[in-house]
Amino acid sequence: MDNHVHMILYDPESALGTFMQRICTFYARYFNDRYGRTGHVFQDRFASEPIEDERYLLSVVRYVHDNPMKAGVSTREAFRWSSYGDYAFDRGPTFRGFVYSAIGGAARFEDFSAEGDDGVDLARIMRADGQRDLDVARAALGGGDPISVKSLPKPRLDAAVHTLARCGLNLSAISRVTGVSRGVVARVVRHSG
């Protein structure tokens, strides 16, 4: 798009923040050097949202590919910066395995894309998943407010995070409902398992 970009990235090492910081810094230096400028190039920090289930992944893939069309810029097939062609024609560097396995293979991709979003409201899905995670966390913590976990002494914080992990919440969900950084959550889970 002319003022933003959508990317779907697989980040098993939780290194997205570092990756984005490096790429944005590199690009800002390049841009400023090329055009004789100084200072910020980007208006805001990047925003990210974890994709934690197959249904949401498929909705996001459709959303990203349909974005140029909905903005009146181009068709999904013709948009120069889209990975749609990589998916539709099973070519290029894009990793498509998760999506292909969810929709029944590469041959189904164009049909999947043409089906549209079926009225899927991504914001509603995100809110519902977040509410479910919050409900699970409250129940696991005996009805307490999960956000209070971040102010607990270390041994109690570690125990609470361990409890939330045993209840099936992933690292991102635990971090989101408690306010404890994902790095701390990962450390606690790694050392408790």
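Residues numbered from 1 in each chain as written. Predicted model: local features only at pLDDT ≥ 70, side-chain atom pairs only at ≥ 80, totals over all residues. Heavy atoms only, no water.

Attention now goes to the confidence of the model for the protein chain. When pLDDT is averaged along the protein chain, the result is 85; 92% of the residues meet or exceed 70. Mean pLDDT in the protein chain bottoms out at helix α6 (residues 122–140), which sits at 72, and peaks at helix α1 (residues 16–35), which reaches 93. (pLDDT = per-residue confidence, 0-100. Helix = DSSP H or I, 4+ residues; strand = E, 2+ residues; numbered from the N terminus.)

On inspection of all chains with the given rule, the structure shows 8 salt bridges. Between R62 and E115 there is a salt bridge, and its shortest N-O distance comes to 3.2 Å. Remark: E115 occurs in the loop between α5 (109–114) and α6 and R62 occurs in helix α2 (residues 54–70); sequence separation between them is 53 residues. Overall, the relative accessible area of 10% leaves R62 in the buried class. (Salt bridge = Lys/Arg side-chain N within 4 Å of Asp/Glu carboxyl O. Buried < 20%, exposed > 50% of the residue type's maximum accessible area, 1.4 Å probe, protein only.)

We now examine the nonpolar core. With 14 residues, the main nonpolar core has V149, V161, L169 and I174 as its most contacted residues. Per element, the largest residue contribution to this core is 4 residues, and it comes from helix α7 (residues 154–166). Ignoring anything within four residues of it in the chain, the contact list for V149 reads L141, L157, A160, V161, T178 and V180. (Core = buried A, V, L, I, M, F, W, Y, C linked by side-chain atoms within 4.5 Å. Contact = heavy atoms within 4.5 Å.)

The buried fraction of helix α8 (residues 171–178) amounts to 6 of the 8 residues, a majority that puts the element mostly inside the structure. Here α8 has its buried residues at S172, A173, I174, S175, V177 and T178. Following α8 by one or two positions, G179 adopts a phi angle in the positive range, close to 80 degrees.

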